[in-house]
Amino acid sequence: MNLVQTASHRRTPVAWSAPLRLGGPVAAGDILAQIGNTPLLDLSDFVRRLGVGAGVGVYAKAEWLNPGGSIKARAALRIVQEAKRSGALKPGKTLIDSSSGNTGIAFALIGAAQGFPVHLVMPANVSAERKALVRAYGATLIESDPLEGSDGAILKVRELVAADPERYFYADQYGNSANWMAHYDTTGPEIWRQTQGAITHFVAGMGTSGTFVGVGRYLKSRNRDVRLVALQPDDEVSVIEGLKHMASAIVPPIYDPELADRFLGVSTEATWDMTRRLSAEAGIFAGLSAGAAVHGAVQVARELDAGVVVTVLPDDGSKYVSLGIFN
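Residues numbered from 1 in each chain as written. Predicted model: local features only at pLDDT ≥ 70, side-chain atom pairs only at ≥ 80, totals over all residues. Heavy atoms only, no water.

## A closer look at the overall build of the chain
Scanning the chain from terminus to terminus reveals nine helices and ten strands. Considering only residue pairs separated by 6 or more positions, the chain has 73% of its internal contacts joining residues 24 or more positions apart. (Helix = DSSP H or I, 4+ residues; strand = E, 2+ residues; numbered from the N terminus. Contact = heavy atoms within 4.5 Å.)

## Some details on the nonpolar core
Core analysis: the biggest nonpolar cluster contains 28 residues, and Val58, Val294 and Val309 have the highest contact counts within it. When residues of this core are traced back to their parent elements, those giving at least two are α1 (44–48), β2 (56–62), β8 (227–233), β9 (262–266), α8 (268–282), α9 (288–302) and β10 (307–313). Sort the elements by how many residues they give to this core and α9 lands first, with seven residues. Not counting residues within four places of it along the chain, the set of residues in contact with valine 294 comprises Leu43, Phe46, Met274, Leu278 and Leu313. By size, the runner-up hydrophobic cluster in this structure holds 27 residues, among which are Leu32, Ala73, Val118 and Met122. (Core = buried A, V, L, I, M, F, W, Y, C linked by side-chain atoms within 4.5 Å. Buried < 20%, exposed > 50% of the residue type's maximum accessible area, 1.4 Å probe, protein only.)

## Quick notes on helix α6 (residues 177–194)
Here α6 contains 18 residues, and its C-alpha end-to-end distance of 25 Å stays within 8% of the 26 Å for a straight helix at 1.5 Å per residue. Along α6, the largest kink reaches about 35 degrees and is centred on tyrosine 184. When we look at burial in α6, the residues that qualify are Ala178, Asn179, Trp180, Ala182, His183, Thr187, Gly188, Pro189, Glu190, Ile191, Trp192 and Gln194. Looking at the buried positions of α6, the neighbouring elements they touch are β1 (40–42), β2, α2 (72–86), β7 (201–205), α7 (210–222) and β10. Between a side-chain oxygen at the N-terminus of α6 and the backbone nitrogen of alanine 178 the separation is 3.0 Å; the capping residue is asparagine 176. Directly after α6, the chain includes glutamine 196, whose backbone phi takes a positive value near 55 degrees. (Expected span 1.5 Å × (residues − 1). Bend = angle between axes of the 7 residues up to and from the residue. Polar contact = N/O pair within 3.5 Å; in protein donor to acceptor, adjacent residues only side chain to side chain.)

## Re the sheet that holds strand β4 (residues 118–123)
Taking strand neighbours across the sheet as the criterion, the four strands line up as β5-β4-β3-β6 in an open arrangement whose pairing is parallel. One side of each edge strand has no neighbouring strand; the edge strands of this open sheet are β5 (140–144) and β6 (168–170). Ignoring strand direction, the axes of neighbouring strands in this sheet form an average angle of 25 degrees. Sheet analysis places β4 next to β5, joined by five bridges and oriented parallel. Considered in β5, the bridge of valine 121 is made with isoleucine 142. Where helix α3 (residues 102–114) meets the sheet, its contacts fall on β3 (94–98) and β4, and the angle it forms with β4 comes to roughly 165 degrees. (Pairing = 2+ DSSP bridges. Axes fitted to C-alpha atoms, helices over the stretch in contact; angles between N-to-C directions.)

## Some points on α7
End to end, α7 covers 19 Å across 13 residues, agreeing with the expected 18 Å (1.5 Å per residue, within 8%). Among the residues making up α7, those that are buried are Gly210, Thr211, Phe212, Val213, Gly214, Val215, Gly216, Tyr218, Leu219 and Lys220. Structurally, α7 contributes buried residues whose contacts are with α6, β7, β8 and β10.

Structure (structure tokens):
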């Protein structure tokens with residue numbers, strides 16, 4: 001299958017000596033206009049070596065190409081847009097939310113670009129790179145109990161908002177419908193267009209569940225036969241950055257348990273192994289949730305004689321180097 005794998009024209013590299021096109025340079029304030037239109041990468045050659053048959057294509061959205069370096073830029077931007085439209089985020093308000101990393105970085109970037117303050121609650125044990133990026137964009141970092149993970153950060157941010165409700169706009173990425181709507185309106189249509197409607201299976205990890213719910217609902221609206229596969233850690237003790245074990249965690253209000261056609265568990269060991277293999281064997285320097293997603297996509301693809309399996313690579317590996325995964 002020959003699918004056209006192209007990024008937006010805005011991502012085309014231009015040599016410094018080349019004449020400027022598209023009406024001139026992009027203004028710094030327009031950085032948010034670069035969110036979305038990420039390329040769909042063909043992983044078929046890589047997955048052949050992992051036992052996937054020749055009749056099955058495996059593809060992945062390269063979401064680290066968004067400003068801020070992750071898929072979370074899509075949801076964060078939509079949340080901010082809707083909050084400004086409704087008046088919930090207005091001059092004098094500080095945006096606050098809990099995050100394990102990528103959404104917080106996206107909010108910090110948007111705050112820097114649009115000129116509003118951002119406070120972020122993150123578990124104290126998130127990687128040094130994520131803390132540095134949040135601070136680089138000028139956001140205030142508040143650390144929560146590392147032993148309580150993302151759920152502890154959620155509880156901490158709720159405590160802060162309850163103590164000073166007039167100060168904050170609580171973005172609430174886990175409960176804000178703008179999260180999944182961003183993917184219904186952008187990521188889903190991009191996948192449908194890039195596969196020319198040939199997608200048969202969509203595999204995505206479950207964190208806030210926004211990507212899975214938004215893309216899944218869009219794909220089902222186009223073809224009810226598309227199979228939606230929800231990926232999560234295989235038990236409550238498996239720790240995979242960006243993913244939740246729904247049975248033992250605070251369940252995001254936007255999560256739709258009826259949407260998935262199938263649930264898959266993935267172990268920490270399998271996630272780390274696939275993340276390393278993507279870098280060393282496919283030249284894709286991906287993050288841990290991306291490794292988990294590809295592991296799940298390969299598992300699904302091995303069971304098929306024919307089909308088009310699509311997943312997303314939420315971010316690259318740059319925020320995980322200090323964890324020692326690539327040593």
